[in-house]
Amino acid sequence: NSNNVGGLVGNSSYNYSLTQSGTTNVTVKSLGSNVGGLRGNQGSSITYCFVYNGIVEGKTNVGGAAGKFIQGSIAHTSINAQVKAIGNNAGGLAGYINNQYTTNANYVSKGYNNMVLNTTVEAETNAGGLIGATDKELYPGHYYNNLVVADVSTTNANGNISISSGNNPINTTLINNFRTYRKS
């Protein structure tokens, strides 16, 4: 029932970056929120990291790299996992991006040069190959050069689903050089 659970770090401060790290054959499960293959609750950067052959499951805000992403960057990171939210917000890279205060200069969140490969993403609603849910549209130019090869599904027939961002399909147009392929 714990919140902020990660394969390497549960809850990180705003000054703690995760670099050149990864997990292989790891299972990260919780009945709580903010569950990630690398970090549960992210307030800084993840760069040059990986999750290989992982299982990441939680209630809400479940992501291959980060469950909840507040600010910083996720860059040059590779994800190969089964990502599942029993409730809402599952994404191949991040389950939920708290970007309500993001501008070009403040509370910046970025995602670039990432690969989500041979991954499955499932949630009741808000399932996305890259991002499960955002508070608002992504800031233009902050997400680019991402590749997604995934199967994305919802357990609710009326659930929000997108290969980019589950709750906000307009984000697909705001991600530069975004490439997607269906896993199966």
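Structure: see above.
Notes on the structure in this doc start here. All of these numbers come straight from a predicted model, not from anything done at the bench.

Reading the values: rules and limits
Along each chain, residue indices are assigned from 1 in the same order as the chain's sequence is written. In keeping with the model being predicted, local features are shown solely for residues with a pLDDT of at least 70 and side-chain atom pairs are shown and tallied solely at 80 or more, while totals for entire chains, interfaces and linings include all residues. As a rule here, side-chain values cover all heavy atoms of the structure and leave hydrogens and water aside. Secondary structure elements follow DSSP: runs of H or I of four or more residues count as helices, runs of E of two or more count as strands, with numbering from the N terminus. A simple rule labels every residue: compare its accessible area, found with a 1.4 Å probe on the protein chains alone, to the largest value its type can have, and call it buried under 20%, exposed over 50%, or partly exposed in between. Only centres within 6.5 Å qualify two rings of Phe, Tyr or Trp (six-membered ring in Trp) as a pair; their planes then separate them into stacked at under 30 degrees, edge-to-face at over 60, and tilted for everything else. Pairing between two strands is assigned when DSSP locates at least 2 bridges connecting them. Axes here refer to lines fitted to C-alpha atoms; in helices the fit is confined to the stretch in contact. Angles between the N-to-C directions go from 0 to 180 degrees. Contact definition: two residues touch when any of their heavy atoms are within 4.5 Å.

This part covers unusual backbone geometry. The phi dihedral of Asn-89 falls on the positive side, at around 70 degrees, and the residue is not glycine. Looking at the element boundaries, Asn-89 is found in strand 14 (residues 88-91). Residue class for Asn-89 comes out buried when judged on its relative accessible area of 11%. A positive phi is found at Asn-177, a non-glycine position, where the angle reads about 50 degrees.

For the structure shown, the criterion picks out 1 aromatic pair. Ring geometry for Tyr-112 against Tyr-144: centres 5.1 Å apart, planes inclined by 5 degrees, an arrangement best described as stacked. Of this pair, Tyr-112 sits in strand 16 (residues 109-112) while Tyr-144 sits in strand 20 (residues 143-144); the two residues are 32 residues apart in sequence, bridging distant segments of the chain. By relative accessible area, which is 26% here, Tyr-144 ends up partly exposed.

What follows deals with the pairing of strand 11 (residues 66-69). Strand direction decides the pairing type here: strand 7 (residues 39-42) and strand 11, joined by 3 bridges, are parallel. Across the sheet, the residue bridging to Gln-42 is Phe-69, located in strand 11. Both strand 11 and strand 15 (residues 94-97) contribute to a ladder of 3 bridges, which runs parallel. From the neighbouring strand, Lys-68 faces strand 15, where its bridge partner is Tyr-96.

Our next topic: the sheet that holds strand 19 (residues 131-134). Pairing within the open sheet is parallel, and its 5 strands lie in the order 2-7-11-15-19. Since the sheet does not close on itself, it has two edges, and those belong to strand 2 (9-11) and strand 19, each with one partner. Ignoring which end each strand starts from, the neighbouring axes of this sheet average 15 degrees apart.

By the secondary structure assignment, Ser-73 is in strand 12 (residues 72-75). Assessed through its relative accessible area of 13%, Ser-73 is described here as buried. When residues no more than four places from it in sequence are discounted, the contact partners of Ser-73 are Gln-42, Ser-44, Ser-45, Ile-46, Lys-110 and Tyr-112.

A word on the environment of Val-51. Topologically, Val-51 is positioned in strand 9 (residues 50-58). Classification of Val-51 by relative accessible area gives buried; the value is 2%. For Val-51 and Thr-23, which are 28 residues apart along the polypeptide, the C-alpha to C-alpha distance reads 4.9 Å. When near neighbours in sequence (up to four residues on either side) are disregarded, Val-51 contacts Thr-23, Gly-37, Leu-38, Gly-64, Ser-78, Ile-79, Asn-80 and Ala-81.

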